[in-house]
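# Structural features, examined
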Amino acid sequence: DAKTTQPTSMDCAEGRAANLPCNHSTISGNEYVYWYRQIHSQGPQYIIHGLKNNETNEMASLIITEDRKSSTLILPHATLRDTAVYYCIVSQPYGQNFVFGPGTRLSVLP
Amino acid sequence: GAVVSQHPSWVICKSGTSVKIECRSLDFQATTMFWYRQFPKQSLMLMATSNEGSKATYEQGVEKDKFLINHASLTLSTLTVTSAHPEDSSFYICSARVSGPPWEQYFGPGTRLTVT
């Protein structure tokens, strides 16, 4: 079973920030949090990962709570092309296989 | 980010025939690759873990004699669906994992298999 829970769906207005939450209350100290997204009929696209600290790259920011039991992916200025299913994944220890949950379907509205 | 390719992107085959899908990591070496299957409106489900130079590890319920996996080099893994049946029709996706932490995976674009 997936080690994360995410809302089933979210809407966001174009140009606004999209904040996607993820709960991972059973995360262990050596497990990373990864975010991927999947646009219809394509393979998942890597977005960002984090261990303890907040992270930012050209696509998004990842905010991880101090107790590491939850995180938020932030798309600062959502566009229509950001409409996708977003997956939050906690790795099995030492880089074992990913377990995908149902993810959050983000719809960016004009 | 790293690039993973799959070939073919889509394939239609007749029931009883075999189909081979290739997965290549284009700009990094991957000792471990994964094969997933995704049915419509469902999430990805791991089928097997492919390690270079050794036998693949299959998830429970996945028939190893039906889904043959070969990982002969650090940049290529293949999945062969043998004696395909209509229920094997699905979206097959591979990923390649970087060696060492944070062990992120990069995914191929997927292969749509339709068995008639």
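Scroll up to find the structure.
This one's a predicted model, so the numbers in the text were calculated from it and none came from an experiment. In this convention, every chain numbers its residues from 1, walking through the sequence in written order. The lettering of chains begins at A and the numbering of ligands begins at 1, in the order of writing. Residue-level local features of this predicted model are given only where pLDDT is at least 70; pairs of side-chain atoms are given and counted only at 80 or more, and the full residue set underlies all totals for whole chains, interfaces and linings. Values reported for side chains reflect all heavy atoms of the structure, with hydrogen atoms and water molecules removed beforehand.

### Re the overall build of chain A
Which entries qualify depends on this criterion: A run of DSSP states H or I qualifies as a helix once it reaches four residues; a run of E qualifies as a strand once it reaches two. Both are numbered from the N-terminal end. Between the two quantities, the radius of gyration covers C-alpha atoms and the globule rule is 2.2 Å times the number of residues to the power 0.38. Exposure classes here rest on a 1.4 Å probe applied to the protein chains alone. A residue is buried below 20% of its type maximum, exposed above 50%, and partly exposed in between. Note on contacts: a residue pair is in contact if any heavy atoms of the two residues lie within 4.5 Å. Here the open area of atoms and residues is found with the Shrake-Rupley method and a 1.4 Å probe, where only the protein chains shown may cover a residue. Only four residue types enter the tally: Lys and Arg on the positive side, Asp and Glu on the negative side; His and the chain ends are excluded. Note on charges: their place is set at NZ of Lys, CZ of Arg, CG of Asp or CD of Glu.
Per the secondary structure count, chain A includes zero helices and nine strands. From first element to last, N terminus to C terminus, chain A shows the α and β order β-β-β-β-β-β-β-β-β. In summary, chain A has a C-alpha radius of gyration of 13 Å against a globular reference of 13 Å for 110 residues, a match within 12%. Overall, chain A is about 40 × 30 × 20 Å in size when its C-alpha atoms are taken along their principal axes. Relative to its 110 residues, chain A shows a buried fraction of 46%. Long-range pairs, those at least 24 residues apart, make up 56% of the contacts in chain A between residues at least 6 apart in sequence. A total of about 5600 Å² of accessible surface is found on chain A, and carbon and sulfur atoms cover 49% of it. Across chain A, the mean location of the 8 positive side-chain charges is 1 Å away from that of the 9 negative side-chain charges.

### Brief notes about the nonpolar core
Heads up, the condition is: Buried residues of nine kinds, namely Ala, Val, Leu, Ile, Met, Phe, Trp, Tyr and Cys, make up a nonpolar core once their side-chain atoms join them within 4.5 Å.
Within the largest apolar cluster, 43 residues are counted, with the highest numbers of intra-cluster contacts made by A:Phe98, A:Phe100, B:Tyr36, B:Phe107 and B:Leu113. When residues of this core are assigned to their parent elements, the largest contribution, five residues, is made by strand β9 (residues 90-97) of chain B. Once residues within four sequence positions are removed from consideration, B:Leu113 is found in contact with B:Val11, B:Cys13, B:Val19, B:Val81, B:Asp88, B:Ser89, B:Ser90 and B:Tyr92. In this structure, A:Val33, A:Leu62, A:Tyr86 and A:Cys88 belong to the second largest nonpolar core, which totals 21 residues.

### Overview of the environment of A:Gly50
Residue and element names in this part refer to chain A. Following the sequence through the fold, Gly50 ends up in strand β4 (residues 45-50). Looking at Gly50, the relative accessible area reads 0%, which means it is buried. For the pair Gly50 and Ile64, spaced 14 residues apart in the sequence, the C-alpha separation amounts to 7.7 Å. Discounting chain neighbours no more than four positions away, the residues touching Gly50 are Tyr32, Val33, Glu55, Leu62 and Ile64.

### Digging into the pairing of strand β6 (residues 61-64) of chain A
All names here are of chain A. Basically, it comes down to this: Two strands qualify as a pair provided that DSSP identifies no fewer than 2 bridges between them.
Of the strand pairs in this sheet, strand β5 (residues 55-56) and β6 are connected by two bridges, and their pairing is antiparallel. Bridge pairing in β6 links Thr56 to Ser61. Count of turn residues in the β5/β6 antiparallel hairpin: four residues. Sheet analysis places β6 next to strand β7 (residues 70-75), joined by four bridges and oriented antiparallel. Paired with Ser61 across the two strands is Ile74, which belongs to β7. Between β6 and β7, which pair antiparallel and follow one another directly, the connecting turn spans five residues, one of which, Arg68, has a positive phi of 65°.

### Examining the sheet that holds β5(A)
Read across the sheet, four strands follow the order β2-β7-β6-β5 (chain A) without closing on themselves; strand pairing throughout is antiparallel. Only two strands of the sheet have a single neighbouring strand rather than two, namely β2 (18-23) and β5 of chain A.

### What to know about the interface of chain A and chain B
Operational definition: Joining two parts hides part of their accessible area as seen by a 1.4 Å probe, and the buried area is that hidden amount summed over both. Here, a salt bridge means any side-chain nitrogen of Lys or Arg that lies within 4 Å of a carboxyl oxygen of Asp or Glu. Each polar contact in these results corresponds to two N or O atoms within 3.5 Å; when the atoms are within protein, one needs to be able to donate a hydrogen and the other to accept it, and residues that are neighboring in sequence are counted only if both atoms are side-chain atoms. Each residue is assigned to one class: nonpolar for Ala, Val, Leu, Ile, Met, Phe, Trp, Tyr, Cys and Pro, charged for Asp, Glu, Lys and Arg, and polar for all the others, Gly among them.
Contacts between the two partners involve 19 residues from chain A, matched on the other side by 19 residues from chain B. Carbon and sulfur atoms supply 59% of the area buried between chain A and chain B, which totals about 1500 Å² over both sides. Put simply, chain A and chain B have zero salt bridges between them. Where chain A meets chain B, there are five residue pairs in polar contact (both at pLDDT 80 or more). Of all the secondary structure elements, the ones that give two or more residues to the side of chain A that touches chain B are β3 (33-38) and β4 of chain A. Residue composition of the side of chain A that touches chain B, by class: ten nonpolar, nine polar and no charged.

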